[in-house]
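Architecture and fold: a report
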Amino acid sequence: MLTVFGSTALDTIRTPSKTLKDVLGGAATFAGIASSFFIKTGLIAVVGNDFPKKYHNILSKKLDLQGLVIKNGKTFRYDGKYDHTLSNRTTLKTELNVLSNFSPVVPEEYKKSKFVYLANNDPDQNSALIKEFDRVKFSMCDTIEFWISTKRDSVIKMIKSVNAVVINDEEAKLLTKEFNLIKCAKKIMDWGAEYVIIKKGEHGSLLFYEDVIFPSPAFSLEAILDPTGAGDSFAGAMIGFLASKNSTSISNIKKSIVYGNVVGSFAVEKYGVDGLLILTSAKIAKRVRQYKKMVQF
Ligand code: AMP
């Protein structure tokens, strides 16, 4: 099985066409639902006692929830606003609430996981959690501006403890203090990551491994409603695919990135998690075939 640890949130998302208030979100939510199309996924996360039952039900249909803790208090909240291009997002508020000082416990069954994804979350919590797994074959983490600005040293320490880092281009630049993406990746590899995947939103991603650079385009779409969670869905599908193959060969890592691009493209076609909730394995397979045609020459 695969374990995903990270934020489960109530998001307020302001897009030019619609504002969503306190909807189901969080990096681990998107990543876990995305990975569940490929492999049984266990979620480790914390929510408050204000977390709606209907969202709990959604999670329980997709994920193993032995690792979900409900604490007295308010659920983590994120508030972000997109500009008219939908390419730029401004964070209006990050309220950690029950996520601050959370001490996650790994359920016994999850300890067997060979694949672990540390979704966007407090880097100190992520570094502590990964030590609890003793059979990990492949671990991957993400981070976001909030943690780079408030806990940069901890983010670098977290990177030392994983095999792969998946990160947005702007955040890679902010973290490494470099402007060229190859330089960014080299620095992150010097800190200890074997693989670095830099996401470039609608422009796809770049994978770096040893002296390999593998660029991949995003699945081209004309209509995007809400890009929230695209990166998390990309990462969840990627590691879910690898876990389902029980492989970390470079050829499977390249394929996993194609699955990441495809599942990410479904996430942005609807608001919040809706794009993932109506997704099926057959739709993923069909779009992977279209993707292959798109990049063939
Ligand atoms: P993405 O659009 O892939 O960057 O992911 C957005 C998701 O990440 C939202 O659903 C948020 O709830 C969650 N998120 C935003 N900021 C943070 C943070 N500082 N720590 C953890 N999760 C966050």
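Below is a summary of the structure that appears in this document. (Residues numbered from 1 in each chain as written. Predicted model: local features only at pLDDT ≥ 70, side-chain atom pairs only at ≥ 80, totals over all residues. Heavy atoms only, no water.)

Description of the packing of aromatic side chains
Here the structure, examined in full by the defined rule, presents 9 aromatic pairs. Among the aromatic side chains, those forming a connected cluster through ring pairs are Phe115, Phe138, Tyr195 and Tyr209. Lying over the aromatic face of phenylalanine 266, arginine 287 brings its terminal NZ or CZ to 3.8 Å of the ring centre. (Phe/Tyr/Trp six-rings, centres within 6.5 Å; stacked < 30°, edge-to-face > 60°. Lys NZ or Arg CZ within 6 Å of the ring centre and 35° of its normal.)

Looking at the packing of helix α9 (residues 250-267) against helix α11 (residues 281-295)
One can describe the packing of α9 onto α11 by two numbers: an axis separation of 10 Å at closest approach and a directional angle of 115°. The hand of the α9/α11 crossing is right-handed. Of the residues in α11, those touching α9 at Val258, Tyr259, Asn261, Val262, Val263, Ser265 and Phe266 are Lys283, Ile284, Arg287, Val288 and Tyr291. Partitioned by chemical class, the residues of the contact of α9 with α11 number 8 nonpolar, 2 polar and 2 charged. (Axes fitted to C-alpha atoms, helices over the stretch in contact; angles between N-to-C directions. Helix = DSSP H or I, 4+ residues; strand = E, 2+ residues; numbered from the N terminus. Left-handed = near helix turned anticlockwise from the far one by under 90°. Contact = heavy atoms within 4.5 Å. Nonpolar A, V, L, I, M, F, W, Y, C, P; charged D, E, K, R; others polar.)

Section: the pattern of salt bridges
Scanning the model with the defined rule gives 15 salt bridges in all. Here arginine 14 and aspartate 79 are joined by a salt bridge, their closest N and O atoms 2.7 Å apart. With a gap of 65 residues between them, arginine 14 in strand β2 (residues 9-14) and aspartate 79 in strand β6 (residues 77-82) connect regions that are remote in the sequence. Among the residues examined, arginine 14 registers a relative accessible area of 27% and is labelled partly exposed. Given a relative accessible area of 10%, aspartate 79 falls into the buried group. One salt bridge connects glutamate 170 with lysine 173, and the closest N-O pair in it is separated by 3.7 Å. Within this pair, glutamate 170 and its partner lysine 173 are both found in helix α6 (residues 169-176), separated by 3 residues, close to a single helical turn. Shared partners join several salt bridges into a network, and the residues in it are Lys21, Asp22, Asp50 and Arg77. (Salt bridge = Lys/Arg side-chain N within 4 Å of Asp/Glu carboxyl O. Buried < 20%, exposed > 50% of the residue type's maximum accessible area, 1.4 Å probe, protein only.)

Quick notes on the site of the ligand
Lining the immediate surroundings of the ligand are 19 residues, of which Ser7, Asp11, Gly26, Gly229 and Asp232 lie closest. Tryptophan 147 places a polar side-chain atom, nitrogen or oxygen, 2.9 Å from a nitrogen atom of the ligand. Within the complex, the protein chains bury 95% of what would otherwise be the 510 Å² of accessible surface of the ligand. Where the shell around the ligand is concerned, the elements lending two or more residues are β2, α1 (27-35), β7 (89-95), α4 (145-150) and α8 (230-245). (Near = heavy atom within 4 Å. Polar contact = N/O pair within 3.5 Å; in protein donor to acceptor, adjacent residues only side chain to side chain. Areas by Shrake-Rupley, 256 points an atom, 1.4 Å probe, with all protein chains shown as cover.)

So, the nonpolar core
The biggest cluster of nonpolar side chains holds 103 residues, and the ones touching the most others in it are Tyr117, Phe138, Met140, Ile159, Ile198 and Ile284. Isoleucine 198 has contacts with Ile167, Asn168, Asp169, Ala172, Leu181, Cys184, Ala185, Gly204, Ser205, Leu206 and Phe208, leaving out every residue within four places of it along the chain. (Core = buried A, V, L, I, M, F, W, Y, C linked by side-chain atoms within 4.5 Å.)

Focus: the sheet that holds strand β5 (residues 64-71)
Pairing is mixed in the open sheet, where 9 strands are placed in the order β5-β4-β1-β8-β9-β10-β11-β12-β13. The open sheet has two free edges, formed respectively by β5 and β13 (212-216), since each of these has just one partner strand. Going across the sheet, the axis of each strand differs from the next one's by a mean of 15°, ignoring polarity. Looking at chain direction, strand β4 (residues 41-48) and β5 are connected through 6 bridges and run parallel. Looking at the pairing, glycine 48 lines up with lysine 71 of β5. (Pairing = 2+ DSSP bridges.)

Focus on the environment of glycine 231
Here glycine 231 is to be found in helix α8. Each C-alpha atom, one on glycine 231 and one on asparagine 168, is 7.8 Å from the other, the two residues being 63 residues apart in sequence.

Describing α1
Summarising burial for α1: 9 of the 9 residues are buried, a large majority. Residues of α1 that are buried: Ala27, Ala28, Thr29, Phe30, Ala31, Gly32, Ile33, Ala34 and Ser35.

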